[in-house]
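# A structural walkthrough
One letter stands for each residue in the lines below.
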Amino acid sequence: MPPTQAEIDIADVNARTWTWPYPGDLAIGTDRHRDAACQMFRDTFNPYKPSVIDWPKLEPEALQRLVSLPIWDIAVTTEDKARARMIAYSRSLDDPIWRHAIDRNGWEEGRHREVLSDLVSTYAIQLAPEQPDVQPTDPEWGYLVTGYSECIDSFFAFGLFELARRSGFFPEALVDTFEPVIQEEARHILLFANWLAWHRKRLGPWQRIRFELRVVRTWIFLARERIGLAKDLEGGGAPAPDNNFTLTGSKAVSDMEISPLGLMAICLSENDRRFAGYDPRLLRPVTTPALARLAVRIGRLLRMA
């Protein structure tokens, strides 16, 4: 039986606000830290079902804007990869609490794929033939690439989504329908940020050096991917498809003139807003927001010079 609208509304509120019910610090790397992060993920689960999403009817102009967005092929592919790689990593874990949380994260990525598939079908959006994904032989490497990639993409997606809402470029009903998916990405990267800190803290000195080197390798891979030079995770093959929409897509979601620094300022504001309801003792993703804040500050100083 599908959830009622009242149940959906309550779940939507619960998905955005959560506090660990016990006082005191959450020392990074402790069982208490792990338990809080994983309970957050469990308690904030939103039970919406793609099969009951009521996609609004769009006027021809709005429909054309939606259909012409250059994101649908890569979005579907990305969700497929994220689902498979999160589930593969969860199955490699000995810790049952992290295993369950990351497996649930993978399941939710699969649900995002279903939402996108339903949207594509509803609005008759044509996709290129899907290419089979090659799973990395190292599950941790696949999870790191997926987690860091989501941290980057979600940060910019928060701003682009807000820009689309402000501009009215797309109908309000369509924006509202997609809202739970965007908030769900905040939960996903919140879980990843806390797993990352917890995992780092529990490594020995030599293990930590090895892990930090693979983190550097991950950032290099993602930087190359976003300028169209990366190959797939196993090496070789054709160049990856364009993954830069979250960095360059403001004109596709709005007719408002906005500079890259203006977009970053919106992203920063939205990033803070979407995490504001979660217990402040949980760690937030920091690298992409920190780089964006630095860029905004430098841009403002250059304008004043």
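Nothing here was measured: the structure is a model prediction, and the numbers come from that model.

## Some points on the overall build of the chain
A count of helical and extended segments in the chain gives twelve helices and zero strands. Along the chain direction, N to C, the helices and strands of the chain fall in the order α-α-α-α-α-α-α-α-α-α-α-α. For the chain, buried positions account for 47% of its 305 residues. Summarising the internal contacts of the chain: among those between residues at least 6 apart in sequence, 81% fall at separations of at least 24.

## Focus on the environment of glutamine 39
Within the element layout of this structure, glutamine 39 appears in helix H2 (residues 31–43). Residues glutamine 39 and isoleucine 97 lie 58 residues apart in sequence; the distance between their C-alpha atoms is 9.2 Å. Ignoring any residue separated from it by four or fewer positions in sequence, one finds glutamine 39 in contact with Trp18, Trp20 and Pro21.

## Some words on the packing of aromatic side chains
Scanning the model with the defined rule gives 17 aromatic pairs in all. Between the aromatic rings of tyrosine 148 and phenylalanine 192, the centroid separation amounts to 5.3 Å while the plane-to-plane angle is 80 degrees, which identifies the pairing as edge-to-face. Here tyrosine 148, found in helix H6 (residues 139–167), pairs with phenylalanine 192, found in helix H7 (residues 172–201); they are 44 residues apart in sequence, far enough to count as distant. We classify tyrosine 148 as buried; its relative accessible area is 6%. Of the residues examined, phenylalanine 192 reaches a relative accessible area of 3% and is grouped as buried. With 6.5 Å between their ring centres and 70 degrees between their planes, tryptophan 195 and phenylalanine 211 make a pair best called edge-to-face. You can see tryptophan 195 sitting in helix H7 and its partner phenylalanine 211 sitting in helix H8 (residues 205–225), a full 16 residues away along the chain. An aromatic cluster is present here, built from Tyr89, Tyr143, Tyr148, Phe192, Trp195, Phe211 and Trp219 joined pairwise through their rings. For the cation-ring pair, arginine 111 lies above tyrosine 48, with the distance from its terminal atom to the ring centre recorded as 3.8 Å. Geometry around tryptophan 141 places arginine 217 over its ring, the cationic atom sitting 3.8 Å from the centre.

## Quick look at the pattern of salt bridges
Applying the stated criterion across every chain yields a total of 22 salt bridges. Residue arginine 65 is joined to glutamate 61 by a salt bridge in which the shortest nitrogen-to-oxygen separation is 2.9 Å. Pair noted here: arginine 65 and glutamate 61 are both in helix H3 (residues 60–67), with a separation of four residues, about one helical turn. You can call arginine 65 partly exposed: its relative accessible area is 22%. Two residues, arginine 274 and glutamate 270, come together in a salt bridge whose shortest N-O distance is 4.0 Å. Residue arginine 274 and its partner glutamate 270 are both found in helix H11 (residues 260–275); the two are separated by four residues, about one turn of the helix. Pair check on accessibility: arginine 274 and glutamate 270 agree, each one buried.

## Quick word on the side chain of glutamate 179
Relative to the helices and strands, glutamate 179 resides in helix H7. Those residues within four positions of glutamate 179 in sequence are excluded, and the remaining contacts are Arg16, Phe161 and Arg274.

## Structural notes on the confidence of the model for the chain
Scored by pLDDT, the chain comes out at a mean of 86, with 89% of its residues at no less than 70. Predicted confidence in the chain is weakest over helix H9 (residues 245–248), with a mean pLDDT of 52, and strongest over H2, with 97. Taken together, the stretch residues 229–242 has pLDDT below 50 and engages in 27 contacts with residues farther than four places along the chain or on a different chain.

## Overview of the environment of phenylalanine 192
Spatially, the C-alpha atom of phenylalanine 192 lies 9.3 Å from that of alanine 37, the residues being 155 residues apart in sequence. Contacts of phenylalanine 192, omitting those with residues within four sequence positions, involve Tyr143, Leu144, Gly147, Tyr148 and Cys151.

## Things to note about unusual backbone geometry
Even without glycine at this site, alanine 124 takes up a positive phi of about 55 degrees. In this fold, alanine 124 is placed in the loop between helix H5 (96–122) and H6. Here alanine 124 falls in the exposed class, since its relative accessible area comes to 52%.

## Side note on the nonpolar core
In terms of nonpolar packing, the biggest core is built from 73 residues, with Leu66, Trp98, Phe178 and Trp195 touching the most fellow members. Looking at this core, the element that brings in the most residues is H6, giving 14 residues.

Basis of the calculations
Residues numbered from 1 in each chain as written. Predicted model: local features only at pLDDT ≥ 70, side-chain atom pairs only at ≥ 80, totals over all residues. Heavy atoms only, no water. Helix = DSSP H or I, 4+ residues; strand = E, 2+ residues; numbered from the N terminus. Buried < 20%, exposed > 50% of the residue type's maximum accessible area, 1.4 Å probe, protein only. Contact = heavy atoms within 4.5 Å. Phe/Tyr/Trp six-rings, centres within 6.5 Å; stacked < 30°, edge-to-face > 60°. Lys NZ or Arg CZ within 6 Å of the ring centre and 35° of its normal. Salt bridge = Lys/Arg side-chain N within 4 Å of Asp/Glu carboxyl O. pLDDT = per-residue confidence, 0-100. Core = buried A, V, L, I, M, F, W, Y, C linked by side-chain atoms within 4.5 Å.

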